[in-house]
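# Coordinate analysis (summary)
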Amino acid sequence: MSMRAAIRVHGLRRPRRWPVHLASQSSVAGTANASPSILDTATACPTSVKLAASSSTPTHLASSPLQPLQEYDALVSAGTLKLDPHQRRIVERHLQPFYTSLLSYSPPPVPPPPSSTFAPTLFSRLFTRSTLSLPDEPPKNAPKGLYLYGDVGTGKTMLMDLFYLSLPPLITRKRRVHFHAFMIDVHKRIHAAKAAMGAQDGGDPIAPVARDLAREAYVLCFDEFQVTDIADAMILRRLFESLLRYGVVMVITSNRHPDDLYKNGIQRSSFIPAIELLKSQLQVTDLDSGTDYRRIPRALSHVYYSPLTPGNKAEIDKIFRSLTTPSSSSSSGTDPVIANRPLTTFGRTIYAPLSTSHVARFTFEELCARPLSAADYLEITRTFSTIFITDVPKLDIGRKDVARRFITFIDACYESKTKLFVLSEVPIFQIFSDDGTSAKGQISDHMRSVMDDLGLAPEVVGASSMFTGEEEIFAFARACSRLVQMGSKEWAETAGRS
């Protein structure tokens, strides 16, 4: 079964990627009652995901969702999934029992926002300083959540999506979101809470945020959980503690065991209680089985061009024109290329230099030399399903901030299933590598280990002294791994669909 025929996602412009061994796209569903947010829009999709109808489609797909183990076996039988005995054991021993316990779980009621007699505005209703009736401990009948960790390519996201999509319609308060996007949303809510409380001389902004999140969803699924920022680390303990006390249950995927989260981070001792909370309230399960599906070779598609020659520039120009010029048979000529299309994010405006409504073109300096944030890149990739980047230079230690933005942009493209065309000075996988060094001679043991985990060949990526910290090295190597994937024929055939 081909990837295109494997799964049809209704109402979604660009479905998020499932692991390679699942010939399909994944679903990232936001919560129906959540506050409107660019972040939810950037990562959300409906829960109605089903295999494409065909003569070989299993009969169960026409009915309500199957339970996790039944769904896994049905996907294997249909040829959509390749059987992995270790994965199946995870579904049977962890996802299925957790699913069963959720069916009989009734979360306690979450109190509504207190009313205000002085200023009945949205802010005052949401963020009054009145004491919230936070329970002393999680409900006794609350199921223990799941914390699934493992290396890249072990199927964490696929298993989470399989679980989420199997939840019955009676569970309406549910949310599935990429953790990075979730934390940006949390910071936005905390900022609003602080602004509303300022005139009242302070208050705890996390308490009302946790209450509102719990009212919106009591089943929370976080993909790619990681902690690299001290602000996140300081928030998470109190936020998770409050959510659990309100009866929220969580499913989390991560590349790291809880004990390795925020390793060597600033004031890590303050984050240790959050780690202990995760270990005590969630079942921690290792997904590593020795099989990495991302190491399966894939044919590369011609989407990356180097070096910066007139011939390569002409080729990029030709592709851009072919994707932005209506065909003679097209009945619509209402989507021309315009300059400086405005995009609004977090109350400010950024501009796409050249774009139609679905295709955009930036130079590297326009995209990464400006002080853009992760939220800006999420908005760009949410708006445009295909993005061209030209004039990408080879980067050195003096442009580390620019390199970090490019990595953040690549992550946003990957999450949004964006089709990417690149014109660069050197092969795109090597823009971070050092000059004139032997790839094998200059790579640290830790970087070599990370590259091996991600299935990267050192001779392809090269050595880089630009990144030194453990989290930086992992982010750099993961970006290179994702660039390899996004240059594959498989990605080119399925990404960037409007």
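Source: prediction; values computed, not measured.

With that out of the way, let us pick up the sheet that holds strand 6 (residues 174-178). Taken in spatial order, the five strands of this open sheet run 6-7-8-5-9, and their pairing is parallel. Looking at the sheet topology across the chains shown, the edges are occupied by strand 6 and strand 9 (282-286). Put simply, the sheet's adjacent strands are angled 10° from each other on average, direction ignored. When strand 5 (residues 145-149) meets strand 8 (residues 249-254), the two strands line up parallel, connected through four bridges. Across the sheet, Leu146 pairs through a bridge with Val251, a residue of strand 8.

As enumerated under the stated definition, the model contains 15 aromatic pairs in all. Note on Phe179 and Phe222: the rings are 5.5 Å apart at their centroids and 85° apart in plane angle, and the pair reads as edge-to-face. Note that Phe179 is positioned in helix 7 (residues 179-197) and Phe222 in strand 7 (residues 219-223), a separation of 43 residues in sequence. Its relative accessible area of 2% is what places Phe179 among the buried residues. Residue classification places Phe222 among the buried residues on the basis of a relative accessible area of 0%. Each residue in the set Tyr147, Phe179, Phe182, Phe222, Phe225 and Phe240 is aromatic and connected to the rest through ring pairs, giving one cluster. Its end group placed over the ring of Phe320, Arg361 keeps NZ or CZ at 5.5 Å from the ring centre. Between the NZ or CZ atom of Lys417 and the centre of the ring of Trp491, over which it lies, the distance is 4.2 Å.

The subject of this paragraph is the confidence of the model for the protein chain. Summarising the model, the protein chain shows a mean pLDDT of 76, and 69% of its residues fall at 70 or more. Low pLDDT, under 50, characterises residues 449-461; the stretch is placed with 37 contacts to residues that sit more than four places away or in other chains.

Between Ser306 and Pro307 the backbone carries a cis peptide bond, its omega angle lying at 0°. Mapped onto the secondary structure, Pro307 falls in the loop between strand 10 (304-305) and helix 11 (310-324). Within the chain, Tyr262 stands out as a residue other than glycine whose phi angle is a positive 55°. Within the secondary structure, Tyr262 sits in the loop between strand 8 and helix 10 (272-281). The backbone of Gln267 shows a phi angle near 50°, a positive value even though the residue is not glycine. Looking at the secondary structure, you find Gln267 in the loop between strand 8 and helix 10.

Judged by nonpolar contacts, the single largest core of 54 residues is most densely connected at Ile380, Ile389, Phe406, Phe409, Leu420, Ile428 and Phe432. With nine residues, helix 14 (residues 400-416) is the single largest residue contributor to this core. With 39 residues, the next largest nonpolar core counts Val110, Leu213, Leu220 and Tyr262 among its residues.

Another aspect to go through is the pairing of strand 13 (residues 359-363). Strand 13 sits mainly inside the fold: four of its five residues count as buried. Judged from the two bridges that link them, strand 12 (residues 348-355) and strand 13 form a sheet pairing that is antiparallel. Within the sheet, the bridge partner assigned to Leu354 lies in strand 13 and is Arg361. Counted between consecutive antiparallel strands, the loop separating strand 12 from strand 13 contains three residues. Note that strand 13 and strand 14 (residues 386-392) share five bridges and pair parallel. Paired with Thr363 across the strands is Thr390, a residue of strand 14.

Here helix 14 contains 17 residues, and its C-alpha end-to-end distance of 24 Å stays within 8% of the 24 Å for a straight helix at 1.5 Å per residue. In terms of burial, helix 14 is a largely internal element, 14 of the 17 residues being buried. One or two steps after helix 14, the chain reaches Lys417, where phi turns positive at roughly 55°.

About the thresholds
Residues numbered from 1 in each chain as written. Predicted model: local features only at pLDDT ≥ 70, side-chain atom pairs only at ≥ 80, totals over all residues. Heavy atoms only, no water. Pairing = 2+ DSSP bridges. Helix = DSSP H or I, 4+ residues; strand = E, 2+ residues; numbered from the N terminus. Axes fitted to C-alpha atoms, helices over the stretch in contact; angles between N-to-C directions. Phe/Tyr/Trp six-rings, centres within 6.5 Å; stacked < 30°, edge-to-face > 60°. Buried < 20%, exposed > 50% of the residue type's maximum accessible area, 1.4 Å probe, protein only. Lys NZ or Arg CZ within 6 Å of the ring centre and 35° of its normal. pLDDT = per-residue confidence, 0-100. Contact = heavy atoms within 4.5 Å. Core = buried A, V, L, I, M, F, W, Y, C linked by side-chain atoms within 4.5 Å. Expected span 1.5 Å × (residues − 1).

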